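# Secondary and tertiary structure notes
Residues per chain are reported as follows:
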Amino acid sequence: MSSARDRLLARAAREIVPGMVVNLGIGLPTQVLAHVPAGIAACLHTENGMAGIGPALPPSQADRNLIDAGGAYVSTLPGSAFFDSVTSFAMVRAGRIDLTMLGAFEVAANGDLANWKIPGKFSPGMGGGIELAQKARRVVVISTHTDRAGNPKLKSACTLPLTAAGCVARIFTDMAVVDVGPRGFELVELAEGRSLAEVADATGAPLHVPDHPIATF
Amino acid sequence: MKLPDKTTPMAQAIATIKDGDTVMIGGFGVPGTPMTLIHALVAHGARGLTVIKNDANEPGMGVDHLLQSGQVRRLITTHLGLNANAMALMNAGQIEVEFNAQGILAERIRAGGAGIGAVLSDVGIGTELEHGKQVVQLDGRPHLVQTALRADVALLHADCADGFGNLTYRATARNFNPVMAMAAQRVVVETETLVALGQIAPDAVHTPGVFVDCVVPLETLTKEYAVVER
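Nothing here was measured: the structure is a model prediction, and the numbers come from that model.

### Considerations on the overall build of chain A
Across its full length, chain A holds four helices and 14 strands. Computed over the C-alpha atoms, the radius of gyration of chain A is 17 Å, within 12% of the 17 Å expected from 2.2 N^0.38 for a compact globule of 217 residues. Considered along the principal axes of its C-alpha atoms, chain A spans approximately 45 × 35 × 30 Å. Expressed as a percentage of the 217 residues in chain A, the buried residues total 55%.

Below you can see the structure in the form of structure tokens.
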């Protein structure tokens, strides 16, 4: 499973192309950092007040004042900048974030995202998620394909309180890469070792399959 | 002329906090959280507090001490995901939690600090954040009226301060500290380093001392400020 997760993270990292400003959400998305090619000319933003995130550091080398939004210790790069929370979210709401990668409890076939509240059970809060989901130029989700009980996270409609409506463009899971298109969920790639039938079965809404061969990751 | 000195002993700096007060607390995770002032507020004992803080820290750290001591009635925040204690208190109805989108929390505080009654934003339209809020049409699109937030006291953490209260922050410890410094009747800052007037170059000041009432130099940094081993 860990190698499947590494492949998922590495595949998601390929979504980051030169020139982008990118925000990685708490959870699986922040783990993409380790898979971003070192030489790429891109800028990672973290909403707690930094642009130009460098490699993550182990506790023994960490600066106690330098974390990402998930609390992981990170480093600077030549050209990094620190700023306050007001400035950080001005960047978000002004459309300066080209791509954000977020976690999900549920994603709907129309691109609705729910990731902050399971009423009465687990409600971590939205943090910066609502603004990122609503205002980043491109929103992708990185998530397991199903929840811990095996229920699909990709559904025909969200049942949980929304983070933002119609925001998700693409979903990276341990089973597949799925786009949200005009017809709903559209299969883009399959994870190595996963069958089409298996992925369709684990998806809670129709999964449209292209008529050309499907790549694997 | 000489700028006034605001260095204050810790106990005196927080002595004015009373039951039912609204308290803003800086920090995002460990960086920028005034751990020592929080312990002083626990010892001080004021109850029924409304606390405004980005996050609830982690179990046994920072604002969690105030939650566990039962001094907080209401928490205005954005994220509790790293503190299972806080989520349990919320689910049990022992603290009332108001979630805000993070940048909107910052703007509500900024409005309070800048003497503006509210800000209008489309953030949260189509979500639960609409509940209880006035909706205004602007350029034909719905916007939520996000009312300003002010506090009786702000508790902040600086890397460096002079006696007048000019402040600088380190790295990601800046976060909500500068904006909260603008939005409270009384602003109390703990600082890792206290320097003489003039030692912070005017161009390097992050928060001007005009906003600050009390500067509390820290004698030691407890292990709560240290790198968290996970």
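### Overview of helix H4 (residues 84-91) of chain B
Side chains that are three or four residues apart share a direction in an α-helix, a result of its 3.6 residues per turn. Residues and elements named next belong to chain B. Those residues of H4 not exposed but buried are Ala 86, Met 87, Leu 89 and Met 90. Taken end-on, H4 shows its buried residues confined to a sector of 160°, consistent with a single buried face. Buried residues in H4 make contact with helix H3 (64-68) and strand E4 (96-99). For H4, the side-chain oxygen to backbone nitrogen distance between the N-cap and Asn 85 is 2.9 Å, and the N-cap itself is Asn 83. Two residues or fewer past H4, Gly 93 is found with a positive phi of approximately 75°.

### Some thoughts on the interface of chain A and chain B
How large an interface is tends to be reported as the accessible area lost when its parts come together. Every contact between the two is made by 41 residues of chain A and, on the other side, 45 residues of chain B. Roughly 3500 Å² of surface becomes buried between chain A and chain B when both sides are summed, with 59% attributable to carbon and sulfur atoms. Its largest share of buried area at the contact with chain B, chain A owes to Arg64(A), Asn65(A) and Val86(A), together 18% of the area lost on that side. Inspection of the region where chain A meets chain B yields 20 residue pairs in polar contact (both at pLDDT 80 or more).

Parameters at a glance
Residues numbered from 1 in each chain as written. Chains lettered and ligands numbered in written order. Predicted model: local features only at pLDDT ≥ 70, side-chain atom pairs only at ≥ 80, totals over all residues. Heavy atoms only, no water. Helix = DSSP H or I, 4+ residues; strand = E, 2+ residues; numbered from the N terminus. Rg over C-alpha atoms; globule rule 2.2 N^0.38 Å. Buried < 20%, exposed > 50% of the residue type's maximum accessible area, 1.4 Å probe, protein only. Arc of directions from axis to C-beta. Contact = heavy atoms within 4.5 Å. Polar contact = N/O pair within 3.5 Å; in protein donor to acceptor, adjacent residues only side chain to side chain. Buried area = accessible area lost by both parts, 1.4 Å probe.

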